[in-house]
Every structure is written in C-alpha cells, then in structure tokens.
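Summary of the model geometry
Residue-level listing of the chains:
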Amino acid sequence: MMGSMKPRTRKSDRVAGRPPTARSVLLRFALGSAAAIAVAVVGGYFALRSVAIDEAKRETRTRVQEAGQLVEANLPDGLLAGKLAARRAVDDVVVARILSSSIVRVKIWSTDGRVLYSDDQAEIGGHYTLDPGQLRLLRDGGAKVEVTDLRRPENTLDRGRGELIEAYTRIRTPAGTPVLFEIYQRFGSVTAGARRLLAALAPPILGAIGLIVLIQAPLLWSLTRRLQRGHEEREALLGNAIAASARERRRVASYLHDGPVQDIAGLAFSLAPLADGADARGASGEASVLRTTIERLRRTIRDLRTLLVELHPPHLAAAGLEAAIADLVSPLQASGTVVSVAIDGAEHLDREQEALVYRVAQEAVRNVIAYADASTLRVEVTVGDGVARLIVTDDGRGFDPGMRERRLAEGHLGLSLVEELARQSGGALEISSSEGTGTRVELEVPSR
C-alpha cells in the first residue's frame, strides 16, 4: 500500500481546519511579546555585563600599572632577600594607598614563583609554578587581567572572598631585577556597573517595546479578522467546488453509461452473428478476428463499468456507505482474505463526506489488492462528536517511507489525491507503515 509517514497533530487542528480566533491570536501575541521582552532584558543584561566587564578589565589593567609604579617607587632591594624591614616598607604603601573595598589582595612574585610579599603574611614564602603568560609578562612587560581561578594552589587563602579578577604587571627592584606585581579585585564591583547601566536603560527600552506592542495589537486584530473572513470565503468556494465536482462525476458517469458503454455493447452484440456466419462459410480466419474483436470490446465494457463505479458508485448513492464498502472488499473475500467491516453512525454523514470516506476506503482497499498480499483486512468507520473516522488496517507487506516518493515519480498518484481532498475538506489523512508490519490508513474529517 502506497502512503507516507506523517506526524500526528492535535485532533482539534486536524478536524476543524480553521484559522485561530482573534482572541487566541492576541493572547499568543501577548505571550510572545512577554517572552521577547524577557529575552531582551536578560540578553541586554548579559550584553551590558560583558561590556562592563571588558571596560572594568581595561580599568583594572590601568590600575595595576599605576599601583605597580607606586610600589616600584618605594620598593627596597631587601625584599628579594626576605628582609622584614623591606616587607614592612612595601606593606605601608599597599595598606595606605592600594587596598580598598574593591582591591582585596596584593602580591609580589619572584621570577622563580616565590611569593615575596602579600598583605596576608600567611602567603609569604609560598612557592608555586608561574604559567607561561606570567613568565612572558616578566620578560616583555605590559599588563594582564583575567578571572581568578580559585582552584589553583596559590589562591587557597583567597577563596573566602567570592569571585575575583586578578591583574599582573612587571616592576623592578632598585637593582633592576624584574618581579611580578599582582592585585586581586572583587568581581562584584565589576558587575555592579552593568546593573547600574541596565537599571538606567531598562525603563526607556521596556517603554518603547510596550508602545510597539500597543500599536501592533489593533493591526493584528484587523488582520486576523480579515484572515477569518477569507477562510470562510474559501470554505464556501471549496464547498461549491466539491459539489460541482460531484455533479460533474455523476454527469460523466451517466454519459458513459448511456453513451459509449451502450454503443460498444451493441457493437459487440452485432458482431457476434457475423462471427457465426463466417464459421458457417468456413472462413475460420475471419471468424477468429471477429471473436477476438468481440472479446476486446467486452473487456473494454468491463473496464468502463469499473470506471463508472469509481466515478459514481451506484451502491453509495442507492444503498449507502456500508453496501458500497461491502462491494469494495468482496474481491478480497473471494480470494480468501479474512475481512471485517464495522460501520457506526454513517447516517450522520452528508453526501460529500460519505463520498470522501468511500474514496479513501476505495484507494486503500485497491492498494491492498494490488500490493499488500494481506491475510486480514479491517475497515472501520465511526461517526460521533463531530468527527468521522475511517481506519483501514491490513497485515500485508507494508512499505518503507521512501517507496511512496518512488511511486509518485513513476506517476502513481493514488492516496496523494485523496490526501489533498481530505485536506481541502478540513480533515487529515494519516498513513503509517513499515516493511513486514502491514499498513494503517486513518482518515479524520469533520461531520455534522
């Protein structure tokens, strides 16, 4: 059976097939606007925070160089030797002129990674490995700023101060020996600038967004109403088109039945005596040609009558859907397939809905006959709660999802046509199958 795999959608969407109401559109618009505002606020905060951090890093780079110059001007040579007087001289400068509410730690490192000075005496004398960036800074000069990695061993005593930013610069002792000067700054002093900037910019930004929403809401309401009117007009046109199509199918069926079918049947009937006369004359060759022609005409009549049933099944109009579907599955029953048919509430279908259900069932059963090699088939029609549902299941060969595309490329439209009819009628056709597991065709269409 040819079909396609389709995702399952909500029943209300598949059955109603209508555009959303103006109220629901405005509600969605309001929710979307609120989400957009939230994204703008959060995104703006982080963007401003990033800008503020970059700016703070530049300020910190300048600050560490200025503080380094200040310490360098008061740096005694005895610090390299660990003399207490030298550490006290540095400590006087650091405590009086560098430490503040934002700068919470100052360190001086030797080139071999030894802490020569710290405002926390417990850190003095510690020996750690300098990273390549710090060594390059000692060699080339400049300044470096980065977020402090508190997991590193040299930052063990700094972990109780929260998130920090550290900055390095190179300074020299009076003898010209390079040492690494380092300050630690509270990260909160950096983000505070971002919060102040956001607090200043948020009211005008939110006000502008709110004004845009208020201007767009009436326009959205108007567009939604136009969409609904257009949908109603298209529904009316579609109903007229379906009715016209049904009338045209009946007209074509009537023309074929009363015209070409009768003419061909009469022609076949009139040729039969000629074939008998040829036999009587002993013209066996002529009789054979005539009988071959008669047989071809009869096959043509059978084909045309099959087409008549497809165009306008007489049982569907006269005896109803159940009798028409019974005719559909009778060839399968005759071939030994176990067939079950269950129909409930078909009397609530109008003529167009009944015709659509029959067309889908016809196409599904035809594909079972042609491709499925099924041992069982079930056709189920239920009508209730404003929905008509047709389910056709078989246990045949099934198919892989790519087979339908190949069949379409070969010109086999099959269920593609009835899928379009279902969509135009506000319903949906769903086909699920895989190789070796059979196929399920499910149609849902609104009913009265």
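If you look at soluble globular proteins, the nonpolar side chains tend to sit buried side by side. Core analysis: the largest hydrophobic core is formed by 34 residues, its most contacted members being Leu 321, Val 360, Leu 377, Leu 390, Leu 429 and Leu 443. Ranked by residue count, the leading element in this core is helix 10 (residues 351–372), at 9 residues. Sequence-distant contacts of Leu 390, defined by excluding residues within four places in its chain, comprise Val 357, Val 360, Ala 361, Val 379, Glu 380, Val 381, Val 441, Glu 442 and Leu 443. One finds Ala 86, Ile 98, Ile 165 and Val 179 within the second-largest nonpolar core, a separate group that totals 24 residues.

The grouping of Val 41, Val 42, Phe 46 and Leu 206 at the surface amounts to a nonpolar patch, some 330 Å² of accessible area in total. Mapped onto the secondary structure, Val 41 falls in helix 2 (residues 22–73).

Here we take up the packing of aromatic side chains. The final tally for this structure, using the stated rule, is 1 aromatic pair. Taking the centre distance of 6.0 Å and the plane angle of 65° together, the rings of Trp 109 and Tyr 128 count as edge-to-face. You can see Trp 109 sitting in strand 1 (residues 103–109) and its partner Tyr 128 sitting in the loop between strand 2 (115–118) and helix 4 (132–140), a full 19 residues away along the chain. What makes Trp 109 buried here is its relative accessible area of 2%.

Turning next to the pattern of salt bridges. Overall, the coordinates contain 21 salt bridges when judged by the stated rule. Of the charged contacts, one joins Asp 119 and Arg 105 as a salt bridge, the two residues approaching to 2.7 Å between their closest N and O atoms. Taken as a pair, Asp 119 in the loop between strand 2 and helix 4 and Arg 105 in strand 1 lie far apart in primary sequence, 14 residues in all. Under the relative-accessibility criterion, Asp 119 is labelled partly exposed at 22%. Among the charged side chains, a network of salt bridges with common partners joins Arg 105, Lys 107, Asp 119, Asp 120, Glu 123 and Asp 158.

Another aspect to go through is the sheet that holds strand 8 (residues 387–394). The strand order 6-7-8-10-9 describes an open sheet built from 5 strands, whose pairing is mixed. The strands lining the two open edges of the sheet, one partner per strand, are strand 6 (338–344) and strand 9 (428–433). Averaged over all neighbouring strand pairs, the angle between strand axes comes to 5°, with direction disregarded. Where strand 6 lies against strand 7 (residues 376–384), 7 bridges are found, and the strand directions are parallel. Each bridged residue has a counterpart across the sheet, and for Ile 343 the counterpart in strand 7 is Val 381. Along the sheet, helix 9 (residues 321–334) makes contact with strand 6 and strand 7, crossing strand 6 at roughly 170°. Its contacts with the sheet place helix 10 against strand 7, strand 8, strand 9 and strand 10 (439–446), and it is angled at close to 175° to strand 10.

Further remarks concern the environment of Ala 272. Note that Ala 272 resides in helix 6 (residues 260–281). Here Ala 272 falls in the partly exposed class, since its relative accessible area comes to 23%. The sequence separation of Ala 272 and Thr 293 amounts to 21 residues, and the corresponding C-alpha distance is 9.8 Å.

Peptide bonds are mostly trans, and most non-glycine residues show a negative phi. The phi dihedral of Asp 373 falls on the positive side, at around 55°, and the residue is not glycine. Looking at where Asp 373 falls in the secondary structure, it is placed in the loop between helix 10 and strand 7. Within the chain, Asp 385 stands out as a residue other than glycine whose phi angle is a positive 55°. Relative to the elements of secondary structure, Asp 385 occurs in the loop between strand 7 and strand 8. The exposed category is assigned to Asp 385, whose relative accessible area is 82%.

In this section: the sheet that holds strand 2. Two orientations exist for strands paired in a sheet by backbone hydrogen bonds: parallel and antiparallel. The strand order across the open sheet formed by 5 strands is 2-1-5-4-3, and the pairing between neighbours is antiparallel. Across the chains shown, the open sheet's two edge strands, defined by having one partner strand only, are strand 2 and strand 3 (143–147). Between one strand axis and the next, the sheet turns by 20° as a mean value, whatever way the strands run. Here strand 3 runs beside strand 4 (residues 164–172); their pairing, made up of 5 bridges, is antiparallel.

Below, the discussion takes up the confidence of the model for the protein chain. The predicted model of the protein chain has a mean per-residue pLDDT of 80, with 83% of residues at 70 or higher. Strand 2 holds the highest mean pLDDT among the elements of the protein chain, 94, whereas helix 1 (residues 11–16) holds the lowest, 40. Low pLDDT, under 50, characterises residues 1–17; the stretch is placed with 54 contacts to residues that sit more than four places away or in other chains.

Our next topic: the environment of Ser 288. Positionally, Ser 288 belongs in helix 7 (residues 284–311). In this structure, the C-alpha to C-alpha distance between Ser 288 and Ala 275, residues 13 residues apart in sequence, is 7.6 Å.

About the criteria used
Residues numbered from 1 in each chain as written. Predicted model: local features only at pLDDT ≥ 70, side-chain atom pairs only at ≥ 80, totals over all residues. Heavy atoms only, no water. Core = buried A, V, L, I, M, F, W, Y, C linked by side-chain atoms within 4.5 Å. Buried < 20%, exposed > 50% of the residue type's maximum accessible area, 1.4 Å probe, protein only. Helix = DSSP H or I, 4+ residues; strand = E, 2+ residues; numbered from the N terminus. Contact = heavy atoms within 4.5 Å. Patch = residues over 30% accessible without salt bridge, like charges linked within 9 Å, V, L, I, M, F, W, Y side chains within 5 Å. Areas by Shrake-Rupley, 256 points an atom, 1.4 Å probe, with all protein chains shown as cover. Salt bridge = Lys/Arg side-chain N within 4 Å of Asp/Glu carboxyl O. Phe/Tyr/Trp six-rings, centres within 6.5 Å; stacked < 30°, edge-to-face > 60°. Pairing = 2+ DSSP bridges. Axes fitted to C-alpha atoms, helices over the stretch in contact; angles between N-to-C directions. pLDDT = per-residue confidence, 0-100.

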